[in-house]
Amino acid sequence: MSSSPAGELWVVQQGTSDPFHSLSLVEPAAIERVSGIDGVQAVVPVLSRQMNFAPPGGDEQSVRLMALDFGAFPASPDLRERFLPTQGQIVIDETLSRKTGLDEGDGLAISGVALTVAHVGPRGGDVLSQFAFVSFEDARAIFGVVDVVNYGMVVLEEGAQQGPVEAAIVDGHPDLQVYTAKEFAESVRKEIDESFIPIILILVIIGFVVGTAVVGLTIYTATIERTREFGVMKAVGASAGFLYRIVLAQAAMLTAGGFTLGVLGAMAVARLASEAVPEFATDFQVRDIAGVLAVAGVMAVLASFVPVRRVNGIDPAIVFRA
Amino acid sequence: MEKRSEILNVSALTKVFGHGETEVRAVDGVDLTIRAGELVLVMGPSGSGKTTLLTMVGGLLRPTSGSVEIGGVDIASLDGGRLTEVRRKTVGFIFQSFNLWESLSVRENVELALNIGGQNGGRARARATELLQSLGLGHRLNFRSRDLSGGEKQRVSIARALANGPRLLLADEPTANLDSKHGHDVMQLLRRIADEGNRAVLVVSHDERIREVADRVLWLEDGRLRAIGKMVRDPVCGMGLEVERSVSIEQEGRTYYFCSRGCSWEFRSEPARYLTVVETQARGN
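From a predicted model like this one, the values you see are computed outputs, not experimental measurements.

Draft legend 1. Main features of the packing of helix α3 (residues 106-116) of chain B against helix α4 (residues 121-134) of chain B. All names here are of chain B. It is the contact of α3 with α4, at a shortest axis distance of 9 Å, that shows an interaxial angle of 125°. Considering their axes alone, α3 and α4 lie oblique with respect to each other. The two elements α3 and α4 meet at a crossing, and its hand is right-handed. Where α3 approaches α4, its residues V106, R107, V110, E111, L114 and N115 are matched on the opposing element by A124, R125, R127, A128, T129, L131 and L132.

Draft legend 2. How the structure looks around α3 of chain B. Judged by how many residues are buried, α3 of chain B sits mostly within the fold: 10 of 11 residues are covered. Among all positions in α3 of chain B, only V106, R107, E108, N109, V110, E111, L112, A113, L114 and I116 of chain B are buried. Those residues of α3 of chain B that are buried are in contact with α8 (227-235) and α9 (240-276) of chain A together with α2 (80-89), α4 and α5 (150-162) of chain B.

Draft legend 3. Spotlight on the interface of chain B and chain A. Listed as interface residues are 17 residues of chain B and, on the opposing side, 15 residues of chain A. Among the secondary structure elements, those contributing two or more residues to the side of chain B that touches chain A are α1 (50-57), α2 and α3 of chain B. Examining the composition of the side of chain B that touches chain A, we find that 4 residues originate from one element, α2 of chain B, more than from any other.

Draft legend 4. Up close: the sheet that holds strand β2 (residues 40-53) of chain A. All names here are of chain A. Taken in spatial order, the 9 strands make up an open sheet running β5-β6-β4-β7-β3-β2-β8-β1-β9, and their pairing is mixed. Single-partner strands in this sheet number two, and they are β5 (107-110) and β9 (176-180). Strand-to-strand twist in this sheet, taken as the mean axis angle between neighbours without regard to direction, amounts to 35°. Alignment of strand β3 (residues 61-68) against strand β7 (residues 131-134), held across 3 bridges, turns out to be parallel. When the sheet's bridge partners are listed, R64 is paired in β7 with F131. Most of the contacts of helix α5 (residues 162-172) go to β9, to which it runs at about 160°, and overall it touches β1 (9-13), β2, β8 (151-156) and β9. Contacts from helix α6 (residues 181-195) reach β1 and β9, with the element oriented near 90° to β9.

Draft legend 5. Representation of the confidence of the model for chain B. Looking at chain B as a whole, the pLDDT averages 89, with 95% of positions reaching at least 70. Note on the complex model: pTM 0.66, ipTM 0.80.

Draft legend 6. Inspection of unusual backbone geometry at higher detail. All names here are of chain B. For F98, which is not a glycine, the phi torsion comes out positive at approximately 65°. Within the secondary structure, F98 is located in the loop between β6 (91-94) and α3. Take F98: there are 23 C-beta atoms within 10 Å of it, and that puts it in the buried class. Of note in the backbone geometry, D222 takes a positive phi value of approximately 55° without being a glycine. Mapped onto the elements of the fold, D222 is located in the loop between β9 (216-221) and β10 (224-227). On the neighbour-count criterion, D222 (13 C-beta atoms within 10 Å) is partly exposed.

Draft legend 7. Here's a closer look at helix α10 (residues 286-312) of chain A. All names here are of chain A. For α10, spanning 27 residues, the distance from its first C-alpha to its last is 39 Å, which sits close to the expected 39 Å at 1.5 Å a residue. The sharpest bend along α10 reaches about 35° and sits at F305, with the proline P307 one to four residues further on. Tucked into the core, α10 has its buried residues touching α7 (197-225), α8 and α9.

Rules behind the numbers
- Numbers given to residues run from 1 along each chain, matching the order in which its sequence is written.
- To read the labels, note that chains go from A and ligands from 1, taken in the order they are written.
- Given that this is a predicted model, residues contribute local features only at a pLDDT of at least 70 and side-chain atom pairs are listed and counted only at 80 or more, while totals for whole chains, interfaces and linings are drawn from all residues.
- Note on method: axes are straight lines fitted to C-alpha atoms, helices fitted across the in-contact stretch only, with angles between N-to-C directions ranging 0 to 180 degrees.
- A run of H or I in DSSP becomes a helix once it reaches four residues, and a run of E becomes a strand once it reaches two; helices and strands are each numbered from the N terminus.
- Just so you know how the angles are binned, under 35 degrees is roughly parallel, over 145 roughly antiparallel, 65 to 115 roughly perpendicular, and the rest oblique.
- Two helices cross in a left-handed way if the nearer one is turned anticlockwise from the farther one by less than a right angle. They cross in a right-handed way if the turn is clockwise.
- C-beta atoms are first placed from the backbone for all residues, and any pair lying within 7 Å is then listed as a contact.
- Between the buried cut of 20 or more and the exposed cut of 12 or fewer other C-beta atoms within 10 Å of a residue's own C-beta lies the partly exposed class, and all C-beta atoms are placed from the backbone.
- The pairing criterion for strands is at least two bridges between them, as found by DSSP.
- Looking at any residue, its pLDDT shows the predictor's confidence there, from 0 to 100.
- Here a helix's expected span is defined as the number of its residues, less one, multiplied by 1.5 Å.
- Note on bend: at a given residue it equals the angle between the axes fitted to the 7 residues ending there and to the 7 starting there.

This is the structure:
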């Protein structure tokens, strides 16, 4: 939702949980009343609904169709190109374009309304659904609604405080609920967090345990293979700390190698996956990579424990055995 | 003549393995003193306790009873940490099978020993280079140790043993895996080390040739140590033996010594054959 026009507040029907799982129906009159509140520059009516359609010669697809009624409210050419197509046009994103093969100038029909692709925008960040924008008139025809909208996007006057405006909306309109733009975006993200994050978390934990075991076993095997060499080190006076540093350094080098290969491999796989599955969206952030590096460091330390015990147990007198 | 300082003083040293009917006294009440500048050779048959003695002297095995004093410190009573420190600073080990860190270069082998001893970085590198050059290995510094000849490996092993300036060098069969030339070189090197520094060298070996460079030769048998008499070689089987424990015969005004009557009979039946061997050996030496 970050690429949406700048709406500081979103007005929805009371009891609406999120835009994907809850239908919000708001009367245009309520939108008008909110427009009159001090500090509100405009309230943009929004229609939005998940719709199925079949592109020419393709399989049925699902898309989150949206329409914004800017009316006389000024909008920049860029904003118009990305979000405000004229009647009979549709703006889709790159992911939907790749999934359906639709490109600029191609025609399609949704619920019997003929549309032409006016613009293919950059891919969105939502893996669950792609957003497409149509004109408000077309949305009414497609959704079959006349005197109702789904949301109101509130644009504040310059210098107006969000808090008092929000309080005024809530106080004067008990049938409405107000989300900040951030809350509204989070409500979209909530489904991913609740549905996928626990699974991904379990996969991460499994990866951590398996990674630690692999590093630990590799170092342990290397330690066993070099039992005599460690024995010689002990015989010539290497302290336990010195030997631990050697084992830890080996584990750190192995983990660093695994980390580098893992990051490069993940980037390569993400690229391949994105080619194969257009809606597979990945975003590598420095903060996340740094976090993985820190976790890899913890893995190296944990993976050293068993080999170190083995090294501590080596009898240095083995150096005299043939 | 100035009396040289005592480096090693072993007193009533005993090591017993097992108990009851399976009890074995590997080392039994050994007394031994070695002074700075001395090279002492301990000989004896296989299983006589030579390596067990060396292992206890080096602080790698705790004795059942008795004491091992190195530089006046009884290492038998030290805890693990202090014992490690003694091995690091006071004792240098030379092994029969060299025991080099084969994945490291020649210089790194000595450098790692210096790292263990607390010297790091350029200082350790310079010291390792200097030490290896003094032992004639300057041209092999960056070679992998596994690519060296046996004699070179043993010299690296000696350089590593000397790295942290130990007062006592312990050598376990240092020439056993070497041919006669390299064995001779290593013997001379050990002699030089004993002569040059304020340190002592204790060697356990079967190799008769080391007698040539030893100040004293001791005989260990059944865990007990005693001074050894004059050693001779049986011309038939080549075995080294003490004169006092041999079978002797006179032949053309010379005395020959044998390990058994069988060898002496063999010699009598064909003396010319064995005398040729003796003369060839004498010329070779």
